[in-house]
Amino acid sequence: MKKKQSKTAYKFYFYGALVCLVAVIVITYIYGFSSFSKSEKTEYVYIDEDDNIDSVYHKLAPIARAIPMQAFRTLTHHSEYAEHIRTGRYAIHPGDGSLKTWRHLKNGLQEPVNLTVPSVRTLDKLAAELGRKLMLDSATISHALTDEATCEKYGYDTATIACMFIPNTYDIYWNVSLDKLLSRMKKESDKFWNFERTQKAKNMNLTPQQVITLASIVDEETANDGEKPMIAGMYYNRLMLRNAEYPEGMPLQADPTIKFAWKRFDLKRIYNNLLSIRSPYNTYRNPGLPPGPIRIPTVAGIDAVLNHIHHDYLYMCAKEDFSGTHNFARTYSEHLDNAAKYSKALNERGIK
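Residues numbered from 1 in each chain as written. Predicted model: local features only at pLDDT ≥ 70, side-chain atom pairs only at ≥ 80, totals over all residues. Heavy atoms only, no water.

A. View of the overall build of the protein. Regarding its fold elements, the protein presents 14 helices and 6 strands. Relative to the 2.2 N^0.38 estimate, which gives 20 Å for 352 residues, the radius of gyration of the protein is 31 Å and therefore markedly larger than a compact globule would have. Reported as C-alpha extents along the three principal axes, the dimensions of the protein are approximately 125 × 45 × 40 Å. With 352 residues in all, the protein has 43% of them scored as buried. Long-range pairs, those at least 24 residues apart, make up 65% of the contacts in the protein between residues at least 6 apart in sequence. Working note: accessible area of the protein is about 19400 Å², and carbon and sulfur atoms make up 53% of it. (Helix = DSSP H or I, 4+ residues; strand = E, 2+ residues; numbered from the N terminus. Rg over C-alpha atoms; globule rule 2.2 N^0.38 Å. Buried < 20%, exposed > 50% of the residue type's maximum accessible area, 1.4 Å probe, protein only. Contact = heavy atoms within 4.5 Å. Areas by Shrake-Rupley, 256 points an atom, 1.4 Å probe, with all protein chains shown as cover.)

Structure (structure tokens):
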């Protein structure tokens, strides 16, 4: 009888312990390993320098399921995370548990952003676009790009610093510091200017910065990548021309530089009264290239200059069919005929 009771007690304790063990496993799974996020797509949480533990909770709340969120709070309560919050952009993938989510935030295991350097016209616009993708304030970036000492640190000045930004997409941490951002851009620029591109620039008797400056003009002239090498060849002919009439080289006479000098990018027509502006960017008054690019040129624009078409055209004018392409001319008289056609088309459309 006692033996039977002993077996019954053993079974009772065994199954009781087993139930407890299963309960612990289930609770542990629910609290620590079940999906933290209620979304079926990856969500991102941005933790900045002003955040405290309450604001972290507030940012997580719209994403989190109730029990895993409670587990996150419990883990935080029994750690030093609240006193050592790390900034960053954190990804919460479907299926990530509260333990994994908490560990990533606690250890600063953030996910980089895809930062695309935009092909824009001004440094202010560049700073604004970068500031939208990074923790850095756009005013901080803008100040650095207009500060001579900062630009000099990376081998540029305030007129040429735009040359350092190659418009590609880069993986970079959202909370990157200003110095690390600029150092990364310099590294990427050096990488872009490989032996082949550098040699092509050298063969043209141009520096990489001069190539980028010329490319910025080409990009402003057309969005048609197929025509860019043709336009680049025309401007290069003007740049290299030396004769009795142009001992310092033929002025580029590039209308986009006039728009840049006036900061009037909406101009449809360039009238003679606009050509008198005293600016180093006025390529009607000043021979050679302007002191720096008039926009962040595209990679297509840069390569168009390096691989420009060799021809003997010196003039071009937008086609009267408004196709975005150009008529090219060897002589000024031919150019005047092309210009008259285009002017007539503008007048017919009432474009001033």
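B. A look at the packing of helix α2 (residues 53-60) against helix α3 (residues 66-77). Here α2 crosses α3 at 160°, and the two axes come no closer than 11 Å. Judged by the inter-axis angle, α2 sits roughly antiparallel to α3. α3 is crossed by α2, and the crossing has right-handed handedness. In this structure, α2 contributes Ile 53, Tyr 57 and Leu 60 to the contact, and α3 contributes Met 69, Phe 72, Arg 73 and Thr 76. (Axes fitted to C-alpha atoms, helices over the stretch in contact; angles between N-to-C directions. Parallel < 35°, antiparallel > 145°, perpendicular 65-115°, else oblique. Left-handed = near helix turned anticlockwise from the far one by under 90°.)

C. Focus on the pattern of salt bridges. Evaluation of the coordinates by the stated rule reveals 16 salt bridges. For Asp 312, the salt bridge identified is with Arg 330, shortest N-O distance 2.8 Å. In this pair, Asp 312 sits in the loop between α13 (299-306) and β5 (315-318) while Arg 330 sits in the loop between β6 (326-329) and α14 (332-349), placing the two residues 18 residues apart along the sequence. Taking the relative accessible area as the measure of exposure, Asp 312 reaches 46% and is therefore partly exposed. On the accessibility criterion, Arg 330 (42% relative accessible area) is partly exposed. One salt-bridge network, held together by shared partners, links Asp 48, Asp 51 and Lys 59. (Salt bridge = Lys/Arg side-chain N within 4 Å of Asp/Glu carboxyl O.)

D. A look at helix α6 (residues 138-145). Along α6, the positions that sit buried rather than exposed are Ile 141, Ser 142, Ala 144 and Leu 145. Summarising the axial view, the buried residues of α6 lie within an arc of 160°, below the 170-degree limit, and thus occupy one face. The inward-facing, buried residues of α6 contact α5 (123-133), α7 (148-153) and α8 (178-192). Put simply, Asp 137 is the residue that caps the front of α6, since its side-chain oxygen is 2.9 Å from the backbone nitrogen of Ala 139. (Arc of directions from axis to C-beta. Polar contact = N/O pair within 3.5 Å; in protein donor to acceptor, adjacent residues only side chain to side chain.)

E. Structural detail: the nonpolar core. Ranked by size, the top nonpolar core spans 62 residues in total, and within it Leu 126, Phe 165, Trp 193, Tyr 235 and Ile 302 carry the most contacts. Per-element tally for this core: the top contributor is helix α11 (residues 228-240), with 7 residues. Here this core spans two domains, since at least three of its residues come from each of domain 1 (113-192) and domain 2 (195-311). When near neighbours in sequence (up to four residues on either side) are disregarded, Trp 193 contacts Ile 166, Thr 198, Ala 201, Pro 208, Val 211, Ile 212, Ile 302 and Leu 306. Tyr 57, Ile 63, Ala 64 and Tyr 90 belong to the second-largest nonpolar core, a separate cluster that totals 16 residues. (Core = buried A, V, L, I, M, F, W, Y, C linked by side-chain atoms within 4.5 Å. Domains from an automatic or database assignment.)

F. View of unusual backbone geometry. A positive phi is found at Asn 205, a non-glycine position, where the angle reads about 60°. Within the fold, Asn 205 resides in the loop between α9 (195-203) and α10 (208-221). The exposed category is assigned to Asn 205, whose relative accessible area is 63%.

G. Seen up close, the packing of α10 against helix α12 (residues 255-262). Direction vectors running N to C along α10 and α12 enclose 100°, while the axes themselves pass 8 Å from each other. The pairing of α10 with α12 is recorded here as roughly perpendicular in orientation. When α10 is examined against α12, the residues Ile 217, Glu 220 and Glu 221 are found in contact with a partner set consisting of Asp 255, Pro 256 and Thr 257. Of the residues belonging to the contact of α10 with α12, the class tally is 2 nonpolar, 1 polar and 3 charged. (Nonpolar A, V, L, I, M, F, W, Y, C, P; charged D, E, K, R; others polar.)

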